[in-house]
Every structure is written in structure tokens, then in C-alpha cells.
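Coordinate analysis (summary)
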Amino acid sequence: MTRPSKPADAASSVDENTVDLRALEAAIGRIVDGEPLPGDAAIVVESLASSPEVVEQLEQHLLVDALLRDEVGYDAAAFVDAVRVMIEAENSRPAFVTRVREAIFGKEADFVCPIGPAATTGRRRWAGLSLPITLACTLLVMSLLANGIWNAAAIGEPVMVEVAAVDGTTAFAVGDRLDLRTLVLPDGAVDLTLGSGVRLECQAPLMARFEHPMRLHLSRGRIDIDVGDDGAGFTVVTSAGEVVDLGTRFSVNASPDGEVRVAVFSGQVELRSQQVGAVSLVDGEAVRLTKSQAPRRLQSVEIRSRNPGDRKAVVISEISDNVEVSKLRRFYGLVACGMRDGVRAFRDRREVSWQAEPGDVFPDDLYGADLVQTFQAERFRQDFSLQFGVSQPSRVYVFYDARYSPPDWLARDFVNTGRRIVSTGWSPTPVTRGVQPDVWGTLAIPHDIWCRDLVQPTTVVLGPPVLPERDRNSTSQFESFVPSMYGIAVQPIAPPATNIGFSRPRPSRAKPAPATGAPTKAVPVATRGRRGRP
Amino acid sequence: MVRRVSREQSPKPFPHGFFCKAFSGCYIEYVMPKKSPDNRWFIEQVEQQQSALRGFIRMLGIRPESVDDLAQETFVIAYKKLDMFEQGTNFGAWLRTIARNLVRNEIRRQSRRRVLANEVAEFLLDRADEKASHPASEVEQAEQHRQQVAALRACLRKLPERSRRIVQQRYFEDLSLGVIAGYENTNANNISQILFRLRSALLGCMKERLGEASG
């Protein structure tokens, strides 16, 4: 690379050039990275004007940056879908009028006169063809008209919606009342309420259109739907089938590759697809299906966090277990940043929630962690294993029934922090046998908080909650029974630094745990809580 | 749309058209309309051109996070003005003209939201205008883009593990320099320099491969 020469002695010139070159490259780098410092543009522009090599260097770095963005995980199909919906919306306004006008005035039906020698004899030839041409034009007009009418019907009718909540998008404002036909949400999330009381929680990127107020065609994206008291029968149409509500709260997520994921959070829905006809899904069940495949179990469903200021990215991914039972459709609930006092603990126990121990406060370091809602039904399986991915350095918490000795895998891989939370809200069942109700008659099971630090993204495998046969009858007064299913939460350890030039990682949100190895050693960690029970 | 061509003209096969012999002395040629109820022709163009167009917009100094917005705006404007596009000419070049005008407007508005640095973007825009005046380079762009993508894929596989991890963090997970610095136990300046060297290495490798391919 050449730069303007400077009138100085040779040694200092070399030094200055080296420094300049470094400064220039750093400035180009930061500009390409999209995080320039205030003086960077001036440095680069000065060199751009004097050196074609710098121009080439900048262009090439921008080119590689663009190619990399394209190559590493870009969702081109979503981009095309977005354009498709935008031009569909563009069309839908004046489509019918335009088509009729074009049909009448023949804009689309122009005959271009022949080029070359044929042009000289064209008029005479056309003269004898007036009748066929008139007929052809009439047919063309009719087909265009029919097309226009069909198209207008396919696009659907506008539906009055009210914007109830907005997060991360400027396209909507709370309180707006809109006539929506096509709904495109490139970023953020928006909650819409229909006249029927149906509430739609839309997450970007999303493309949908209303066919009428009780029927929504979802092309792409996720919508969580709460139909309320008057919205029974609300239908979501997807490429793979229809989801008809039977009085419930459910979620439909259509991906660009044609796969549709349906999860039921409460109540019941009916799934209608060409492959299997009608299938009912109840609370806690989720499936994925395509046009050509029958519904298959969807192992986990992310449940949207509604707390402002929460992390946008979920740390946990790909939750799965080894349970293979035909027609099993249970899903693990992944509540992003959802760990807090009173949150639902298990997918198959609606009333049971995690809470601080009576008289204590909810542990600060657990607050806002990603929570996995597990199943009590799995607590009997001796060969059970559950695995999930963790996408960044994190602390994994397991809440294990404190009435029992820990299974080997837990004692080996995790550290007992010596603190507890409780799962509370139980009705008397075998799992609560021996638990004394409190003064209000509430049954609460104590859970020890175990933790393990992961310094890099990895896959975590957890074993069964049940003790091995050999360890039974030697642990506690409850030995002949099976412990409650454990709970799981994951908290990222190192919150990201945001400013350029930041030299050291910030202190972690979760306090560091001692190295593993002493399985049941208590870890002295402060228990100051954010929200505690009185 | 129906277009009549003379018998003397050799009928060129259109990708979505067919020919039929009618009327003495000429062929009736059915050409896929640019605007049809399903917009198939246009959507195909979007599919074919979107990657190169986004690259082009990025190279005009637009912030990465705004590239998609501007590319989509470009397509929507192109769709609205489709009647002005002469079928058979270079659609990609036409899109780039629209994109250049959009970027020019952004610079005029002093929009720091979308443009990285106005002075740099202005310079790059002038360069793009200059290049656009050479039609030959326009025609070659699509093919060139395909070759570059193929070369980049091959070169990415050769990166050492740490570089691949940083590429993954930066481009796949879309993490900021500061966040990556946190993971790599260094500072954001260092990560920017690593990315600079990494892109330089990829460029060198790509040039080598493209040179081999053309040689």
C-alpha cells in the first residue's frame, strides 16, 4: 500500500508510516465493522483521495464483509418473503381498479406492430382480423377481470385491530387502531387485540394476512394466540394445515422451509392437515408438521418473556430427552429470562410454582435466568436423560428435591450451593407424601440449588431424578418413594461489554462458584433477593 | 403481454414464454408479464438478485443492519416502476441504479442511522456511479458474484479454529466487537484488527482461487 510521502528523515518517516498504516487499517476495520470512532472517517477519506490502493482495500473489505454476512447464516428466503409481502401489499390497494382500468384501456393487451418488412403490410393484414381481435380482447378483459376478483378475495378483507403492546419496533404504537389486511413485522414484537377479544402476540420476522376477523393466514413467523371468551373457533391457516381453536391459548410458528410448529399452552386446539385429518392437541403438547409429513413431537417451545429490559437472546437451545413413546407430544417450556418468584415450575402441573423458601427472599443470582419447565411424569424413568445446548458461558442450576440424596450424576457434575427454593402449590399426591402443609394449608417441596459453571458453549446432559436401586432404603424417611422432578435454570455468566476499547470483561451477573469436585460442599453465596415473600 | 415479432427475427427462447405460429408473416410471442397476479417473474428476479444487490449496497458504505431495509426498498421501488424497465436489458444494473439513488438520498439527509460515515459513503457512491458508466462491468457482475461466493466458501474452510470461531460470533451470531472481546478475553480494538486481518487473508485466498479458476 502506498501513502503520501512525508518530508522527514528516513527513520522517522518509516516509523510515522508504520503508525499511519496501522491507524489507517484500524480505521478501515472499524468502519467496515460498523463501529467507527469519531476520527476514523477523516483518516480514511484523506487516504481515499490520495491512494487508489486504499480505495481498493476499503471496497474489498466491504465486499468480503457482505459476502460473509450472506454466507454465514443469512436467511435469503425470509428476505424474498418480505419483498413478496411488501409488493403484495403494494398491489392490494388499487389492484382491482387498476386491473379493470388496464383491461378496459388495453394497457396490458397492446399488440406491438411487426418490425421490418411486415410493418409495411401490417394495416392491411389487421383489417381482415378485426373480429378475431375483438373476440380475443373480450376474452382477455374477462380473464383479467376474473383474475382481479380472485386476487382481491385471496388477499382478504381488512380487520380492525388495536395495538395493545409494542416491543422493539417503531412500526406500531400502543393504542393505534388499524385496518389491517396484511401484517408484516420485520423486527420486534407487537400484541394486537381484535374486536372479538382475540389477542395476537406477534414476533418478528412475521408475515401474515387476515382472510377475515376469525381466520388468519400465517406465511411466516410466530404468533401466540389467546382467544379469550369469545374467540373460540379462531383459525390459523398455514401451508401445512389449519389450527382451529377450541377455547385456549396456543402458538403457531411457520418457518420459511414450510415446517409449522404448534404448541398449546392451555385448553385444546384441533389440527387439520391433509396427512392425518383432524388431530387434537391439549395443554402441554406441541407438534411440528409439514405438508408432506404427519405431526411429530416438538421437544421444546420458547415461551415469550414479558419483562421489559430482559435479554433478547436465549442462552438455552435444543432441549431434548430420550423418551420415545408413540404419540407423545409433551414439550419442555423454555421461558426466556423467566426465573423469578412465582413462575410456573412444571409443564404438567399448572398450579405449582418456584418460590423462595418461607421467610427467605428469592435468590438474586437466579432472578432472570432462562428457565426450563420440566415434567413430573419423567420422575419415574430410571433411564431418563435430558440434554440441551448452552450458547455462551453460563451457570447451570438444577433444583433437586432436598428430601433425597442426590443421584450420582448430580453429585459428580454439580455443586450444592447450600441454598434452597421450594416448589409450592401442590395438591396432596404421592410426591408430597410426608410434606407438612403450612398454616395456609399449602404444600411446598424444598429443592436444593445445585450449580455448575460452563466456561464455553456446550451441551449439558442431565440424568434421571430417581435414585439408583442400590441407594434406595438408605437415604431418608422417604426412601420408598420417588423424588419430585428437578427444575433447571441457566444464567449467562459474562454479560457482554458494549463499548469499543473495552479491555476487560465485566463482572459476571452470577457469582463465581468454586471448582467442582466436592459434590455436596455448600457454597457461601449471598441470598439477598430482588423480590421476596413477606 | 403479447408481442408480435417478424418472421425474419429469429425467435429467442424466453425463460417463461412460448411461441406459437399465427397470422401469416409473423409469430405471436407470449412473454411472461413483469406484473402478474402472482408476481412470479418479479419474485424470481428478487431471488436471483437479492444477494448481489445487498452486497452492492453494503459496498456503498451502508451500515450492515440497514442493508436489508434499503435492498427491500429498492425492490419495492423497482416493482412500482416496473413499467419503466425494458425487458431484455440488465435488471441487476437497473436495480443498482435505484439503490444508488436511495443511498444518495440517505447521504443527502445526513442519515447517521443508515450510513456508516457520510464522507466515505459519498466517495464510494461516486466510484459506483463511475463504474456504472461502463456497461461491460455491469454485465459481468452477477457471474462475478457467484464466483466470489464459491471462492469464499472454499476459503472459509481453510481458516484456523479461532478465526472460524470469531467469524461465527461476528457474522452468524451477530455479536458486537465488545461482546466478542469479552469472550476472547481481549478488547474490541483487537477484535477489529483480528477481523481486518481475517478479511485480508480471505481476500488473498479468494484472489488466488479466482485466479486459478480464470487461469
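Residues numbered from 1 in each chain as written. Chains lettered and ligands numbered in written order. Predicted model: local features only at pLDDT ≥ 70, side-chain atom pairs only at ≥ 80, totals over all residues.

**Regarding the overall build of chain A**
- Secondary structure summary: chain A contains 8 helices and 28 strands in total.
- Pairs at least 24 residues apart make up 62% of the contacts formed inside chain A by residues separated by at least 6 positions. (Helix = DSSP H or I, 4+ residues; strand = E, 2+ residues; numbered from the N terminus. Contact = placed C-beta atoms within 7 Å.)

**Section: the overall build of chain B**
- Each helix and strand counted, chain B has 8 helices and 3 strands in total.
- Counting from the amino terminus, helix and strand elements in chain B follow one another as β-β-β-α-α-α-α-α-α-α-α.
- Burial statistics for chain B: of 215 residues in total, 33% are counted as buried.
- Expressed as a percentage of contacts within chain B between residues at least 6 apart in sequence, the contacts between residues at least 24 apart total 54%. (Buried ≥ 20, exposed ≤ 12 C-beta atoms within 10 Å, placed from the backbone.)

**Some remarks on the sheet that holds strand β17 (residues 332–335) of chain A**
All names here are of chain A.
- Taken in spatial order, the 9 strands of this open sheet run β15-β17-β21-β27-β23-β25-β24-β19-β18, and their pairing is mixed. Edge strands, defined here as strands with exactly one partner in the open sheet, are β15 (300–303) and β18 (343–346). Going from strand to strand, the sheet's axes swing by 30° on average, the running direction of each strand aside.
- Direction of pairing for β18 relative to strand β19 (residues 349–356): antiparallel, over a ladder of 3 bridges. Across the sheet, F346 pairs through a bridge with R349, a residue of β19. (Pairing = 2+ DSSP bridges. Axes fitted to C-alpha atoms, helices over the stretch in contact; angles between N-to-C directions.)

**Overview of the sheet that holds strand β26 (residues 458–462) of chain A**
Residues and elements named next belong to chain A.
- Read from one edge to the other, the open sheet built from 3 strands follows the order β16-β22-β26, with strand pairing classed as antiparallel. Looking at the sheet topology across the chains shown, the edges are occupied by β16 (316–321) and β26. Averaged over all neighbouring strand pairs, the angle between strand axes comes to 20°, with direction disregarded.
- Where strand β22 (residues 386–390) lies against β26, 5 bridges are found, and the strand directions are antiparallel. Following the sheet pairing, F388 is matched in β26 by V460.

**Re the nonpolar core**
- One finds A:V262, A:Y397, A:V398, B:I57 and B:L60 to be the most contacted residues of the largest nonpolar core, which totals 155 residues.
- Setting aside chain neighbours within four positions, we find B:I57 in contact with B:I62, B:V67, B:L70, B:A71, B:A99 and B:V103. (Core = buried A, V, L, I, M, F, W, Y, C linked by C-beta atoms within 7 Å.)

**What about the packing of helix α2 (residues 40–50) of chain A against helix α4 (residues 118–132) of chain B?**
- Packing of α2(A) against α4(B) leaves a shortest axis separation of 8 Å and a crossing angle of 30°. Considered as vectors, α2(A) and α4(B) are oriented roughly parallel to each other. Touching A:A41, A:V44, A:V45 and A:L48 of α2(A) are B:E119, B:V120 and B:F123, all from α4(B). (Parallel < 35°, antiparallel > 145°, perpendicular 65-115°, else oblique.)

**A word on helix α7 (residues 177–184) of chain B**
- Of all the 8 residues making up α7(B), 7 are buried; the element is thus mostly covered by neighbouring parts of the structure.
- Remark: B:N185 follows α7(B) within two positions and exhibits a positive phi of approximately 60°.

**Here's the deal with the confidence of the model for chain B**
Residues and elements named next belong to chain B.
- Summarising the model, chain B shows a mean pLDDT of 74, and 73% of its residues fall at 70 or more.
- When pLDDT is averaged over each helix and strand of chain B, the minimum, 32, is found for strand β2 (residues 18–22) and the maximum, 87, for helix α8 (residues 188–214).
- Contacts from residues 1–33, a stretch scored under 50 in pLDDT, to residues over four places away or in other chains number 59 contacts.
- For this predicted complex, the interface confidence comes out at an ipTM of 0.77, alongside a pTM of 0.46. (pLDDT = per-residue confidence, 0-100.)

**Points about the environment of B:A71**
Residues and elements named next belong to chain B.
- Here A71 lies in helix α2 (residues 64–80).
- Classification of A71 as buried rests on a count of 28 C-beta atoms within 10 Å.
- Those residues in contact with A71 that sit more than four places away from it in its chain are Q50, L53, R54 and I57.

**Examining the pairing of strand β1 (residues 159–167) of chain A**
Residues and elements named next belong to chain A.
- Note that β1 and strand β2 (residues 177–180) share 4 bridges and pair antiparallel. Across the sheet, residue M160 finds its bridge partner in β2, namely D179.
- Summarising the sheet, β1 and strand β4 (residues 189–194) pair through 6 bridges and their orientation is antiparallel. Each bridged residue has a counterpart across the sheet, and for V161 the counterpart in β4 is L194.

**Some words on the packing of helix α1 (residues 40–58) of chain B against α2(B)**
All names here are of chain B.
- At a closest axis distance of 9 Å, the pairing of α1 and α2 adopts a crossing angle of 140°. With respect to α2, the axis of α1 lies oblique. Judged by the twist between their axes, the crossing of α1 over α2 is right-handed. Across from F42, V46, Q50, L53, R54, I57 and R58 in α1, the residues of α2 making contact are P64, V67, D68, L70, A71, T74, F75 and Y79.
- Split by residue class, the contact of α1 with α2 holds 10 nonpolar, 2 polar and 3 charged. (Left-handed = near helix turned anticlockwise from the far one by under 90°. Nonpolar A, V, L, I, M, F, W, Y, C, P; charged D, E, K, R; others polar.)

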